[in-house]
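What the coordinates show
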Amino acid sequence: MTLNKNHPARSHAFLSRLHDGELSPGERARFEAHRAHCKECRDAAADFERALTLFRSSRSSPPPRDLANRVL
């Protein structure tokens, strides 16, 4: 894997496929070998997991009752 715009650490689509277990065994093996020597990829994968954890732990609240009137 080369450091270019297609670098795994710079691809949210790749990190999502990694997280979801959608990489082929070959892709996974190549990435793991690369990640062992690439701090950027280690950090990006960890950041992606942390962001998902924070998102999943967040709670939403209902909008104020007068929101529609305030918007209109």
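One can find the structure itself at the top, above this paragraph.
A short tour of the structure in this document, coming up. All values derive from a computational prediction rather than experimental measurement. (Residues numbered from 1 in each chain as written. Predicted model: local features only at pLDDT ≥ 70, side-chain atom pairs only at ≥ 80, totals over all residues. Heavy atoms only, no water.)

Regarding the overall build of the protein chain
The helix and strand tally for the protein chain stands at 4 helices and 0 strands. Each helix and strand of the protein chain, placed in order from N terminus to C terminus, yields the pattern α-α-α-α. Compactness check: the protein chain gives a C-alpha radius of gyration of 18 Å against a globular reference of 11 Å for 72 residues, more than 25% above the reference. For the C-alpha atoms alone, the extent of the protein chain along its principal axes is close to 55 × 25 × 20 Å. Expressed as a percentage of its 72 residues, the buried residues of the protein chain come to 24%. Element-wise, carbon and sulfur atoms account for 56% of the exposed surface of the protein chain, whose accessible area totals about 5,800 Å². Charge centroids of the protein chain, computed over 13 positive and 9 negative side chains, lie 2 Å from each other. (Helix = DSSP H or I, 4+ residues; strand = E, 2+ residues; numbered from the N terminus. Rg over C-alpha atoms; globule rule 2.2 N^0.38 Å. Buried < 20%, exposed > 50% of the residue type's maximum accessible area, 1.4 Å probe, protein only. Areas by Shrake-Rupley, 256 points an atom, 1.4 Å probe, with all protein chains shown as cover. Lys, Arg positive; Asp, Glu negative; His and termini not counted. Charge placed at Lys NZ, Arg CZ, Asp CG, Glu CD.)

Description of the pattern of salt bridges
Going through the model one piece at a time under the given rule, you end up with 7 salt bridges. The partner of Asp-66 in a salt bridge is Arg-70, with the nearest N and O atoms 3.2 Å apart. Several salt bridges share partner residues, and in doing so they unite Arg-28, Glu-32 and Arg-35 into one network. (Salt bridge = Lys/Arg side-chain N within 4 Å of Asp/Glu carboxyl O.)

Focus on the nonpolar core
Core analysis: the biggest nonpolar cluster contains 12 residues, these being Ala-9, Phe-14, Leu-15, Leu-18, Leu-23, Phe-31, Cys-38, Cys-41, Ala-44, Ala-45, Phe-48 and Leu-52. Broken down by secondary-structure element, the contributors of at least two residues to this core are helix H1 (12–20) and helix H3 (39–57). No other element matches the 5 residues that H3 contributes to this core. Once you skip the residues sitting within four places of it in the chain, Ala-45 turns out to touch Leu-15, Leu-18 and Arg-35. (Core = buried A, V, L, I, M, F, W, Y, C linked by side-chain atoms within 4.5 Å. Contact = heavy atoms within 4.5 Å.)

Comments concerning the packing of H1 against H3
For the pair H1 and H3, interaxial distance at closest approach is 10 Å and the crossing angle is 75°. As far as their axial angle goes, H3 and H1 are roughly perpendicular. Contact residues: H1 offers His-12, Leu-15, Ser-16, Leu-18 and His-19, while H3 offers Ala-44, Ala-45, Phe-48, Glu-49, Leu-52 and Arg-56. Split into classes, the residues belonging to the contact of H1 with H3 amount to 6 nonpolar, 3 polar and 2 charged. (Axes fitted to C-alpha atoms, helices over the stretch in contact; angles between N-to-C directions. Parallel < 35°, antiparallel > 145°, perpendicular 65-115°, else oblique. Nonpolar A, V, L, I, M, F, W, Y, C, P; charged D, E, K, R; others polar.)

What to know about H3
Between its first and last C-alpha atoms H3 spans 27 Å; for 19 residues at 1.5 Å apiece the expected length is 27 Å, and the two agree. Every buried residue belonging to H3 is among Cys-41, Ala-44, Ala-45, Phe-48 and Leu-52, and all of these are buried. Around the axis of H3, the buried residues are gathered within 95° of arc, so they sit on the same side. Along H3, the residues that are exposed and aim more than 90 degrees away from the buried face are Lys-39, Thr-53 and Leu-54. Looking at the packing, one finds that the buried side of H3 touches H1 and helix H2 (25–35). (Expected span 1.5 Å × (residues − 1). Arc of directions from axis to C-beta.)

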